[in-house]
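What follows is the residue order along each chain.
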Amino acid sequence: MHVLPAATRLKRRHVLMLAGATTVTACAPHARSASPDMRDVDRRLRQAVIRGEAPGVVCAIGHDRQIVHRAAYGRRAVTPRAEPMTWDTVFDMASLTKPLITAPCVMQLWEQGLFGLDDPVSRYLPQFAAAGKSTITIRHLLTHYSGLPPDLDLDHPWQGRDAAFRLTMGTAPSQPPGSGFIYSDINFITLGFLVEKLSGMTLDAYATRYILAPLGMRQSRFLPPETWRPRIAPTQPDENGHMLRGQVNDPSSRRMGGVAGHAGLFSDADDMCLYAQALLDRRAGRPSAFPLQQQTVMLMTTAQQPGGKSDLRGLGWDISTHYSSVRGDRFPLGSFGHTGFTGTSLWLDPGSDSYVLILTSRLHPAGRGNVVRLRHDVATAAALALSPPQG
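Residues numbered from 1 in each chain as written. Predicted model: local features only at pLDDT ≥ 70, side-chain atom pairs only at ≥ 80, totals over all residues. Heavy atoms only, no water.

- As recorded in an unreviewed UniProt entry, the protein goes by the name Serine hydrolase, listed as coming from Komagataeibacter sucrofermentans.

1. What to know about the state of the cysteines
Here comes step 1: For the structure on display, the rule yields zero disulfides.
Here comes step 2: The thiol of C59 is unpaired, and the distance to the nearest cysteine sulfur, on C273, comes to 9.1 Å. (Disulfide = S-S within 2.5 Å.)

2. Overview of the nonpolar core
Here comes step 1: With 75 residues, the main nonpolar core has I138, L142 and L346 as its most contacted residues.
Here comes step 2: Considering each element in turn, this core owes the most residues, eight residues, to helix α9 (residues 269-284).
Here comes step 3: Grouped together as the second largest cluster of nonpolar side chains are 25 residues, C59, F331, L374 and A383 included. (Core = buried A, V, L, I, M, F, W, Y, C linked by side-chain atoms within 4.5 Å. Buried < 20%, exposed > 50% of the residue type's maximum accessible area, 1.4 Å probe, protein only. Helix = DSSP H or I, 4+ residues; strand = E, 2+ residues; numbered from the N terminus.)

3. Let's talk about the packing of helix α3 (residues 97-111) against helix α7 (residues 203-215)
Here comes step 1: Relative orientation of the contacting elements α3 and α7 amounts to 80 degrees, with a least axis distance of 10 Å. With respect to their mutual orientation, α3 and α7 come out roughly perpendicular. Facing α3, whose interface residues are L100, I101, T102, P104, C105, Q108 and L109, α7 presents L203, Y206, A207, Y210, I211 and L212.
Here comes step 2: Looking at the contact of α3 with α7, its residues break down into eleven nonpolar, two polar and no charged. (Axes fitted to C-alpha atoms, helices over the stretch in contact; angles between N-to-C directions. Parallel < 35°, antiparallel > 145°, perpendicular 65-115°, else oblique. Contact = heavy atoms within 4.5 Å. Nonpolar A, V, L, I, M, F, W, Y, C, P; charged D, E, K, R; others polar.)

4. Observations regarding the pattern of salt bridges
Here comes step 1: This structure, assessed with the given rule, holds 19 salt bridges.
Here comes step 2: One salt bridge connects R161 with E196, and the closest N-O pair in it is separated by 2.8 Å. Of the two residues, R161 is situated in helix α5 (residues 161-170) and E196 in helix α6 (residues 185-199); the sequence distance between them amounts to 35 residues.
Here comes step 3: For E196, a relative accessible area of 15% translates into the label buried.
Here comes step 4: Each of R44, R51, E53, R373 and D377 takes part in a single network of salt bridges with overlapping partners. (Salt bridge = Lys/Arg side-chain N within 4 Å of Asp/Glu carboxyl O.)

5. Points about helix α2 (residues 39-51)
Here comes step 1: Here α2 is 13 residues long and its end C-alpha atoms lie 18 Å apart, about the 18 Å a rise of 1.5 Å per residue gives.
Here comes step 2: Listed in full, the buried residues belonging to α2 are V41, D42, R44, L45, R46, A48 and V49.
Here comes step 3: G52 occupies a position one or two residues after α2 and carries a positive phi of about 80 degrees. (Expected span 1.5 Å × (residues − 1).)

6. Quick word on the UniProt feature "domain: Beta-lactamase-related" (unreviewed entry) in the protein
Here comes step 1: UniProt annotation of "domain: Beta-lactamase-related" (unreviewed entry) refers to residues 41-371 when read in the numbering used here.
Here comes step 2: Split by type, residues 41-371 is 30% helix and 15% strand. Its first and last C-alpha atoms lie 14 Å apart. (UniProt positions renumbered as here; feature names shortened; annotations may be inferred.)

Structure (structure tokens):
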């Protein structure tokens, strides 16, 4: 067990007094010469807990191939009993599943020459041509320019992968493909089906073997086992009033059995830092375990949307859309990242060799937390702290 230095223990007691009944804990950053001053980051994280933006938060900031700051504040759970947030808490990553898992699975198959990015999806999933979708391409899905609506229909009862497949194949676009950006879970549900069709494996089995295992991510998976439950941050009650803890929060993914291309991954801060650093290393041409070629990573993390469109999307990654406030005010255009509905986010800046990871379960306990401003403020403070001194 990591023992906090005396100064950090004193700081924690001080924060406890500030926070009243809120439990706040912090993990000291790695020892490092000339460490960036992250006091503004910590101040904002503590503030988020005190204000109730989320019951707790884990944050990691990477720079120059090192984790230069790590913190855990607040509570992992508040009901049925309070549990302190810890660095090794496992979170429902929600839509971070899209760029972290589904997009690289797709791009591995692309590297193998199994399809072209501008091939129609229906060439590989013939049922997808229904309801006017015959011209939607794989690139349209990856960039959210397919014209498909945001979600599957949840107003009517359905259950299972086969039912989700039928609903997905039968969905009609709400606008012509390529005409505009609509962030859609259906895009990545479809890509999950594509991975399964081309690989002959379930998405979770493929991802574990070809994405997570090569990276050494042993605390990341779909369908986390019961033994992980004590470390998993609960989200909110499901439609039957059962507090979700280890079951995916997203209702479509949950109806599909917890494995879907748009949501379902569970992970922790250590594994996320492994992923982020490996991605930056591969992109920079440094030695890396990241399971894609450098040119593929460049393709995924640069603008790939249709020409003339102002909403900038990579293949799975967000670059500049109305979802990009997580970039903050200082990281430049050309950095990239993604968020998850449960309160997770990762933003990476290749130019400064940096990343900002924020993990919360902002929906706990009753679905009312909001971390949009927190993400923005922490990214801004981190970028300022990492900026070289002027003069």
